[in-house]
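Below are the chains, spelled out letter by letter.
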Amino acid sequence: MFKKILIANRGEIALRVLRACRELNIKTVAIHSEADENAMHVRIADESICVGPSQAQLSYLNIPAIITAATITDVDAIHPGYGFLSENQRFAEIVEEHGYIFIGPKSKHIEMMGNKIHAKQIMEQNNVPVVPGIYEMKNDKKIKSFIDKYKLPIIIKSASGGGGKGMRIVHDLKELDNAIKSAKIEAKKSFNDSSVYIEKYINNPKHIEIQLLADNHGNVISLGERDCSIQRNHQKLIEECPSIVLNAKERTKIGELCKQTIKSINYQGVGTIEFLFHNNNFYFMEMNTRLQVEHPVTEMVTGIDLVKEQILAASDEKLQINQDQIKMNGHAIECRINAEHPKTFIPSPGTITQYHQPGGLGVRVDSALYQGYSIPPHYDSMIAKLITFGESRHESLQKMKRALEEYVIMGIDTNLQLHQSIIESDIFLSGNYNINFMSEFK
Ligand code: ADP
């Protein structure tokens, strides 16, 4: 078992990993940028080390500085959290080359799934249904016949995509060339890879994803689904587990298919397979080879600590739970609280002048905020995750409503009120919402 882990991240996820380590009696090393000297993850860790200036490129993405920090502090393993270097194949490889354990899959699996075109091909080989698409962008004839067959609209997506970047929906053939060009430019800028592909644009689907966990001994379990259809700019805002549209039989069927697939490639650690769900059909979109922001809703419903399991699996332990022992109980909802203007979504960094966090039975807050803390302008605007759990969806929603009312974050703009109005809307209450909810929400 590991003695000491370096956490190559910041904010709430650094705290989340720290807490799991502490419960496993593992010492922790926090890394931080100059802007994060007073951050909560630095205060709570056993040791901390500054890895560079404020800009993420020079600190949280600075591989040589992070490896040096690992050497100086003599850790056994590195946890990348999500974002930053968590899906960087080269980083995982360098960590491995330096004799540390990367708490995540092997670098070859990150590479395999990192390219969405390759990932779709692997899924197809394993009979997982995928969104119909075309990957050869140089052949105009093939593109034309794809559009003739599947009809407009289509969506252009970046092969190395993430965070909704490099996507263009095309409703009219006249827009096609320009959409490809601008998607390529955005993809190059965001991922240093201009390759894009085309998919049929599915109208009004749900976004449903399956949580998986695998050890290094060939054991794989599926931990049910999350409905992440409440999104803006293709980025998730609210997630829930379970989804009201799946029954137990459908859940088992898609879970088994996902398990077989990741078993066939010898995948290790936690992973999420993302689907669009439309007319009772699943369409694979991509696989995330890391811990997801929204993992807490699965933890609340299954009672399984995904971060501890992830660390145990990385240290070669066998899974202690089998599929039959997984019981989905009750309902959990997560609201992502962002420091941003509620209407324009422009980030709102600044000092928290007053802070009160809700609590009580079934209320969980994953956040690194505290009164007097200054949110730096350099990083993601998500500052807290508010998670509620109840025996039923109704109870979970009642708790969310109460917790949102109780949450006080003064000194900056947040989307707390936006969440209140979403969860009280008729469509959200019905559970029958799809990925276009926010574009129609007034
Ligand atoms: P990223 O990795 O950039 O987040 P994804 O492939 O996960 O990209 O897609 C993000 C979101 O974009 C999805 O949850 C969905 O809302 C929308 N989307 C992606 N592909 C399609 C599609 N073929 N049809 C309709 N919506 C799509």
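Residues numbered from 1 in each chain as written. Predicted model: local features only at pLDDT ≥ 70, side-chain atom pairs only at ≥ 80, totals over all residues. Heavy atoms only, no water.

Student: Even after reading the chapter, I still don't get the overall build of the protein, so can you show me in this structure?
Tutor: In terms of helices and strands, the protein carries 15 helices and 21 strands. Here the C-alpha atoms of the protein give a radius of gyration of 21 Å, agreeing with the 22 Å that 2.2 N^0.38 yields for 442 residues. Structurally, the protein occupies a C-alpha span of about 60 × 50 × 45 Å along its principal axes. Here the protein holds 442 residues, and the buried ones make up 58% of them. In the structure as shown, the protein presents an accessible area of about 19000 Å², 49% of it carried by carbon and sulfur atoms. Across the protein, the 50 positively charged side chains and the 53 negatively charged ones have centroids separated by 4 Å. (Helix = DSSP H or I, 4+ residues; strand = E, 2+ residues; numbered from the N terminus. Rg over C-alpha atoms; globule rule 2.2 N^0.38 Å. Buried < 20%, exposed > 50% of the residue type's maximum accessible area, 1.4 Å probe, protein only. Areas by Shrake-Rupley, 256 points an atom, 1.4 Å probe, with all protein chains shown as cover. Lys, Arg positive; Asp, Glu negative; His and termini not counted. Charge placed at Lys NZ, Arg CZ, Asp CG, Glu CD.)

Student: Help me out: how do you make sense of the packing of helix α3 (residues 63-73) against helix α4 (residues 89-97) in this one?
Tutor: A pair of packed helices is characterised by two quantities: the angle between their axes and the separation of those axes. One can describe the packing of α3 onto α4 by two numbers: an axis separation of 11 Å at closest approach and a directional angle of 30°. Classified by the interaxial angle, the pair formed by α3 and α4 is roughly parallel. The hand of the α3/α4 crossing is right-handed. Only Phe91, Ile94 and Val95 of α4 make contact with α3, whose side of the interface consists of Ile63, Ile66 and Ile67. Of the residues assigned to the contact of α3 with α4, the class counts are six nonpolar, no polar and no charged. (Axes fitted to C-alpha atoms, helices over the stretch in contact; angles between N-to-C directions. Parallel < 35°, antiparallel > 145°, perpendicular 65-115°, else oblique. Left-handed = near helix turned anticlockwise from the far one by under 90°. Contact = heavy atoms within 4.5 Å. Nonpolar A, V, L, I, M, F, W, Y, C, P; charged D, E, K, R; others polar.)

Student: Is there a simple way to explain the pairing of strand β7 (residues 154-158) in this structure?
Tutor: Consecutive side chains of a regular strand alternate in pointing toward one face of the sheet and then the other. The buried fraction of β7 is high, at five of five residues. Of the two faces of β7, the one carrying Ile154, Ile156 and Ser158 and the one carrying Ile155 and Lys157 are both buried. Where β7 lies against strand β9 (residues 196-200), five bridges are found, and the strand directions are antiparallel. Bridging from a neighbouring strand, serine 158 pairs with valine 196 of β9. (Pairing = 2+ DSSP bridges.)

Student: So what exactly am I meant to see when it comes to the sheet that holds strand β8 (residues 168-170) here?
Tutor: Pairing between sheet strands relies on hydrogen bonds along the backbone, with the strands arranged either parallel or antiparallel. Strand order in the open sheet formed by four strands is β6-β9-β7-β8, with antiparallel pairing between adjacent strands. Every other strand in the sheet has two partners, leaving β6 (133-134) and β8 as the edge strands with one partner each. Pairing of β6 with β9 involves two bridges; the strand directions are antiparallel. Among the inter-strand pairings, glycine 133 is bridged to a residue of β9, identified as glutamate 199. With respect to the sheet, helix α7 (residues 140-150) is in contact with β6, β7 and β9, its orientation differing from that of β9 by roughly 20°. Along the sheet, helix α8 (residues 176-191) makes contact with β7, β8 and β9, crossing β7 at roughly 25°.

Student: Whenever I open this one, the site of the ligand confuses me. Can you help?
Tutor: As a structural note, the neighbourhood of the ligand is formed by 21 residues, with Gly164, Lys200, His207, Gln231 and Glu286 the closest of them. Glycine 162 places a polar main-chain atom, nitrogen or oxygen, 3.3 Å from an oxygen atom of the ligand. Separating an oxygen atom of the ligand from a side-chain N or O atom of histidine 207 is a distance of 2.8 Å. The fraction of the free accessible surface of the ligand (550 Å²) that becomes covered by protein chains is 96%. Elements with a minimum of two residues in the shell around the ligand: β7, β9, β13 (269-278) and β14 (281-288). When its residues are assigned to classes, the shell around the ligand shows eight nonpolar, seven polar and six charged. (Near = heavy atom within 4 Å. Polar contact = N/O pair within 3.5 Å; in protein donor to acceptor, adjacent residues only side chain to side chain.)

Student: I tried to follow the packing of helix α1 (residues 11-23) against helix α11 (residues 306-314) on my own but got confused; where do I start?
Tutor: Running from amino to carboxyl end, α1 crosses α11 at an angle of 65°, the nearest separation of the two axes being 9 Å. In the crossing of α1 with α11, the sense of the turn from one axis to the other is right-handed. Contacts between α1 and α11 pair Arg16, Val17, Ala20, Cys21 and Glu23 from the former with Leu306, Val307, Lys308 and Ile311 from the latter. Looking at the contact of α1 with α11 residue by residue, the class counts come to six nonpolar, no polar and three charged.

Student: Would you mind going over the sheet that holds strand β18 (residues 363-367) with me for this structure?
Tutor: Spatially, β14-β13-β10-β11-β12-β15-β20-β18 is the arrangement adopted by the eight strands of the open sheet, whose pairing is antiparallel. Each end of this open sheet is capped by a strand with a single partner; those strands are β14 and β18. Across this sheet, the average inter-strand angle for adjacent strands is 25°, counted without regard to direction. Bridge analysis of strand β10 (residues 206-214) against β13 gives nine bridges, and the strand direction is antiparallel. Of the residues in β13, the one forming a bridge with histidine 207 is leucine 276. In the packing of helix α9 (residues 248-264) onto the sheet, contacts are made with β10, β11 (220-232), β13 and β14, and the angle to β11 comes to roughly 110°.

Student: Got a minute to help me understand the nonpolar core in this structure?
Tutor: Inside soluble globular proteins, nonpolar side chains tend to come together where they are buried. Residues Ile311, Ile337 and Ile409 are the most contacted members of the largest nonpolar core, which totals 67 residues. Per element, the largest residue contribution to this core is seven residues, and it comes from α1. With sequence-adjacent residues up to four places away left out, isoleucine 311 is seen in contact with Met1, Phe2, Ile5, Ala20, Cys21, Leu24, Ile26, His79 and Ile103. If you look at the next biggest cluster of nonpolar residues, it comprises 25 residues, including Tyr60, Ala69, Ile94 and Phe102. (Core = buried A, V, L, I, M, F, W, Y, C linked by side-chain atoms within 4.5 Å.)

Student: Help me out: how do you make sense of the side chain of lysine 259 in this one?
Tutor: Topologically, lysine 259 is positioned in helix α9. A distance of 2.9 Å separates the side chain of lysine 259 from the side chain of glutamate 256, its partner in a polar contact. Not counting residues within four places of it along the chain, the set of residues in contact with lysine 259 comprises Leu212, Val220, Ile221, Ser222 and Gln323.

Student: How do you make sense of the pattern of salt bridges when you look at a structure like this?
Tutor: A pair can form between side chains of opposite charge whenever their charged atoms are brought close. Tallying each qualifying case throughout the model produces 30 salt bridges. The shortest N-O distance in the salt bridge between glutamate 274 and lysine 236 comes to 2.8 Å. Note that glutamate 274 is positioned in strand β13 and lysine 236 in strand β12 (residues 235-241), a separation of 38 residues in sequence. Both residues of the pair, glutamate 274 and lysine 236, count as buried. The residue arginine 336 makes a salt bridge to glutamate 239 at a minimum N-O spacing of 2.7 Å. Placement of arginine 336 in strand β15 (residues 331-338) and of glutamate 239 in strand β12 is noted, with a sequence separation of 97 residues between them. In this structure, arginine 336 and glutamate 239 share a single accessibility class: buried. One salt-bridge network, held together by shared partners, links Glu209, Arg226, Lys236, Glu239, Glu274, Glu294 and Arg336. (Salt bridge = Lys/Arg side-chain N within 4 Å of Asp/Glu carboxyl O.)

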